[in-house]
Amino acid sequence: MNDFLVKQLKPNSYFTKPVYLDKAFIITAPEMPLTEELINILDKWSFKSVLSEGDSTADYSGSEPGGNAVSQDVSSIGLSQQSDADKLQKAEEFYSNFLFFVENLFVKASVSDELDEKAITEKIKDITEYIKEDRRFLMRVIKNIEPAPGKNYLATHSVRSTIIAIIIGTYLKLQSYRLIELGVAALTHEVGMLKLPSNIYLSQRSLNPQEQKAILTHPILGYTMLKSFDFPLPVCLSALEHHERENGTGYPRKLNGEKISLYSKIIAVACSYEALSSKRPHKEAKDGYTGMLELLKNEGKAYDDTIVRALVLSLSIYPIGLYVLLSNGKKGQVVDVNPETPRFPIVQVFGEFTPDGKIKMMQTAQDGLTIVRPLNRTEIDT
């Protein structure tokens, strides 16, 4: 691979092959522009260079249309190459701003013991409206952007869990005020961690027994903190109960299913899926498909089946943003969900276009184009 200096990258340019932060971590595919926002994020995270086996180019040019897939062509949904790129860039900016808000929120909570419920609620209102309009682009951004090594994962985890929780809540048709309350609960569910020494919850080593006991106190610390700022009781309970499990094996009170609040059940599933599919200091990320399967197995009935089903039907078994190998030998990315058949989402086929120049979107189907398996990041450019 060749090194490309971040300071020399041109906004909205393309690369002929995927761009990586390291040899395994992809940040853009050839069909995705390297936006100014992404370049700024790389600079903010102090990345000096990126890697690619391709070349930088001002415009994206793919191969001629091809393949013999027998599937429904859904290009008629109107996603031209330019509009798709514009919406992805907007989603990247929205995600970056949301993450910046949460990072500042957590710094104030940790250093100055401040937690502004009104500001959080207003932000969540914006988030819920955006998710209703463009959740699929936001989920693609979540898949394509990971925090830099050493970055405090709590803010990222809270942002992503909030987005996923709101998507689940939307599927469950929660009333608007409850959806906002759920978002506030998801965003603040880990604030108790901020009361612990950062060298414990950010540790890259195995914790000793005393440190493990300290970690187990964060739901109580979070509940107490939110209650002191007069957050609504359902929000406070979500911080207290998000590690409770349906079968009574959770903590801190070992509640069983019927005693756990709805928001806590949703956050438990959203957080677990986010944690499974994200890199942590002590583990590598699993692909979204593997993470979804683990939740579907629901070993020991730890999670509410209705909530797990809502997650699957909202994001698909093959979640939005997942890179996949298709039955026609092409590679692609899941870009939307078919709620009626969650096993068969809509995919963007890399390097294929409709006769009028639009990126080809295909509806996978049991008797047509199918997903063979997920691709890891090292397989995208091979």
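None of the values given here were measured: they were computed from a predicted structure. Numbering of residues starts from 1 in every chain and runs along the sequence as written. Local features are withheld for residues below a pLDDT of 70 in this predicted model, meaning they are given only at 70 or higher, and side-chain atom pairs are given and counted only at 80 or more; totals for whole chains, interfaces and linings count all residues. To get the side-chain values, take all heavy atoms of the structure and skip hydrogens and water.

Turning our eyes to something else, we now look at the confidence of the model for the protein. Each residue carries a pLDDT score, the predictor's confidence in it, ranging from 0 to 100. Here the protein shows a mean pLDDT of 82. Residues at 70 or above account for 82%. Here, two residues are considered to be in contact whenever any of their heavy atoms come within 4.5 Å of each other. Overall, residues 62-72 carries pLDDT values under 50, and its contacts beyond four positions in sequence, including any with other chains, amount to 21 contacts. Here residues 74-82 is modelled with pLDDT under 50, and outside its nearest four sequence neighbours on either side it reaches 24 contacts, counting other chains as well.

This part is about unusual backbone geometry. The step from Tyr-251 to Pro-252 runs through a cis peptide bond, and the omega angle for that step is 10°. Checked against the element boundaries, Pro-252 lands in the loop between helix 9 (233-241) and helix 10 (262-276). Residues other than glycine seldom take positive phi values, yet Asn-12 does so here, at roughly 65°. Each helix is a run of DSSP H or I of at least 4 residues and each strand a run of E of at least 2, with the numbering of both proceeding from the N terminus. Position of Asn-12 among the secondary structure elements: in the loop between strand 1 (2-5) and strand 2 (14-15). Under the scheme applied here, a residue whose accessible area is under 20% of the maximum for its type counts as buried, over 50% as exposed, and between as partly exposed, the area being computed with a 1.4 Å probe on protein chains only. We classify Asn-12 as partly exposed; its relative accessible area is 36%. With phi around 55°, Lys-254 is a residue other than glycine that occupies positive phi space. With respect to the element layout, Lys-254 can be found in the loop between helix 9 and helix 10.

Our focus in this paragraph is helix 5 (residues 176-188). Working rule for helices: expected span equals 1.5 Å times residues minus one. The terminal C-alpha atoms of helix 5 lie 19 Å apart, and with 13 residues this matches the ideal 18 Å at 1.5 Å per residue to within 8%. Burial runs high along helix 5: 10 of the 13 residues are buried.

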